[in-house]
Amino acid sequence: MDAQTPHASDDANADADTDADTDTDADTDTDTDASTGSKLQEIIATRREKVAQLRAAEVEPYPVRFAPTASLADVRGRYPDLAPQTDTGERCTVAGRIISIRRMGKLTFVVLREDGVDLQLFCPRAALDEGSRALLELVDVGDWLGAQGEVVATKTGELSVKPTTLTLLSKGLRPLPDKWHGLSDTEARFRQRELDLVVNADARRVFELRAKVLGALRAEMEERGFVEVETPMLHPIPGGAAARPFVTHHNALEADLYLRIAPELYLKRLIAGGMPRVYEINRSFRNEGMSTRHNPEFTMLESYEAYADYHDVMALTESLFARAARAARGTTELSYQGRKVSLAAPFRRVSLLELVREATGRGELDYGTDLVELRAVCEQHQVPWEPAWGPGKLVLELYEALVEHTLWDPTFVMDYPVEVSPLARRHRSDPGVTERFELIVVGREHANAFSELIDPDDQRTRFEAQAEAKAAGDEEAMVVDEAYLRAMELGLPPTGGLGVGVDRLVMLLADVANIRDVILFPTLRPQQQ
RNA sequence: GGGCCGCUAGCUCAACUGGCAGAGCAUCGGACUUUUAAUCCGCUGGUUGCGGGUUCGAGUCCCGCGCGGCCUACCA
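Residues numbered from 1 in each chain as written. Chains lettered and ligands numbered in written order. Predicted model: local features only at pLDDT ≥ 70, side-chain atom pairs only at ≥ 80, totals over all residues. Heavy atoms only, no water.

(A) Representation of the nonpolar core. Formed by 46 residues in total, the largest nonpolar core has its most connected members in Val213, Leu217 and Leu509. With 9 residues, helix H10 (residues 310-329) is the single largest residue contributor to this core. Once residues within four sequence positions are removed from consideration, Leu509 is found in contact with Leu209, Val213, Ala324, Ala325, Ala328, Arg329, Leu334 and Leu343. Counting 29 residues, the second-largest nonpolar core is a separate cluster that includes Leu54, Val75, Val139 and Val151. (Core = buried A, V, L, I, M, F, W, Y, C linked by side-chain atoms within 4.5 Å. Buried < 20%, exposed > 50% of the residue type's maximum accessible area, 1.4 Å probe, protein only. Helix = DSSP H or I, 4+ residues; strand = E, 2+ residues; numbered from the N terminus. Contact = heavy atoms within 4.5 Å.)

(B) The sheet that holds strand E9 (residues 255-259), seen in detail. Across the sheet, which stays open at both edges, the 3 strands sit in the order E7-E9-E8 with antiparallel pairing between neighbours. Single-partner strands in this sheet number two, and they are strand E7 (234-235) and strand E8 (247-250). (Pairing = 2+ DSSP bridges.)

(C) Main features of the sheet that holds strand E2 (residues 107-114). Ordered by their spatial adjacency, 5 strands build a closed barrel running E1-E2-E3-E5-E4, and the pairing between neighbours is mixed. Each strand axis lies, on average, 50° off the axis of its neighbour in the sheet, ignoring direction. Bridge analysis of strand E1 (residues 87-104) against strand E4 (residues 144-153) gives 8 bridges, and the strand direction is antiparallel. Bridge pairing in E4 places Ala95 opposite Gly146. Strands E1, E2, strand E3 (117-124), E4 and strand E5 (159-170) of the sheet are contacted by helix H5 (residues 130-138), whose axis makes an angle of about 75° with E5. (Axes fitted to C-alpha atoms, helices over the stretch in contact; angles between N-to-C directions.)

(D) Broad picture of the side chain of Gln120. Along the chain, Gln120 falls in strand E3. For Gln120, the side chain forms a polar contact with the side chain of Arg102, separated by 3.2 Å. Residue contacts for Gln120: discarding those within four places in its chain leaves Arg102, Phe109, Val110, Val111, Thr154, Glu158, Leu159, Ser160 and Val161. (Polar contact = N/O pair within 3.5 Å; in protein donor to acceptor, adjacent residues only side chain to side chain.)

(E) Structural context of the environment of Ala510. Along the chain, Ala510 falls in helix H16 (residues 502-510). Ala510 gets classed as buried once you look at its relative accessible area, which sits at 1%. A sequence separation of 423 residues divides Ala510 from Asp87, and the C-alpha atoms of the two residues are 40 Å apart. Setting aside chain neighbours within four positions, we find Ala510 in contact with Arg205, Val206, Leu209 and Arg329.

In structure tokens, the structure reads:
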């Protein structure tokens, strides 16, 4: 009543206009839904008719504001177990979407849902004021409704609000999916995520968990003194990773720009600029294949820390993963797709070469092994190779084909070949490899990190090697980034860098197999009209 | 990109070897003052993803296309 009164008077003048609009809407509706079944059109038409009836009764179906005094969760929290048939004497005003209506003559039960919490409205006709009785006849499942009344428990002990006043907050025109079977069509769940969220508690659960993970990651970084920054997503040249970019065009600049494939180079320019600890959590974009583990836009946490090496970064990574697990699941001891996995530190540390030696049974292999022999080993394991590949790339291919998917428990795979790591510094005691690691969990890469390359001349040489590869047809090879080189020439302190695939971390913690289940609106092929 | 599978009412799903397109829920009408997927009575609802073909007859078989899922390949 407190929220309804002002609308009745405020909108009196506007009613003539809105009535006219309603009529046109009703006429055009059949056009917009002409391609769908007539039952849906009938349902929408019926609901529009109810909108018209409400307006005729001077009830605004789309009011401007409402002031609940309690959330449904508040009410539930205040009375965790009220005895059956109790009247608390406490009045409150609540709101939510109607997810169920059971009309039993002079008594109606309405179930509201708000933020994933359900609460029943116990509505004997006699308790309602006159306007609310009329309104109750015109509400449907899917509408938003406010209710003011007393908190009670029914004969069966169901906690309820027994309203004296009902306020329509928004009239829904489309039906909700089946209340029992829900919405299981995967395409509909991804394209109309709002329906998925209304109906499927699991969907809500995943995205609430995702928010907790992001909060935990930020909290850990903040506590360690890292400053969150935002660097460009529109890049004049793509850099920081080996990937094909999306290209776009800026009209005023008359220039092509690339959606970023990684924030890495900008973040390291900040280190050169004297910000000793920076991180960014945001989207990168890669114009490559899609799968259950790849969405074209995905979220990475990247961090850079002055004076640190990759051993320090491993410790940071362990803390981040363990903290995210505790925030999301309350423990580091998880189960993923039916199999146990522990995110408790320390994680296993092993070199890539060692893993390849084990997998191939060739203990003598290293990056000095003759190319002909390495190619033979590849063929022996059905790993395709290309003539342009050096020993580092061949060993990496063997690792990816034979080992990576077998590493279930968290494993830091260390010391990647220089050839495939153009931004990582050479190992302090073995110049053929870099101080780089990837973190593998449940057979998938979750993080990539290194002691950063800070020697500008070495970096230029590496960029030039990449440029040659690109000229030779490698579409994912990097290009020379002069702006970055200039920043390095200013002087980059020793730096430890980290990139974490946040979507994959959420998949791991939510025990979900498809990346599209952890992204609210995953990329899908556009629907043609 | 390749392979396999799927697409039927608003939602969830049936329909034998090619033989009248159905059910539950929801909607709509009716009864009902303690329900919990309320119950009961009655009704309505379809371009079987789209386009061709075979056939007396196609949801079903064939060809093409669209969209999605899973696996696979590249990547995080």
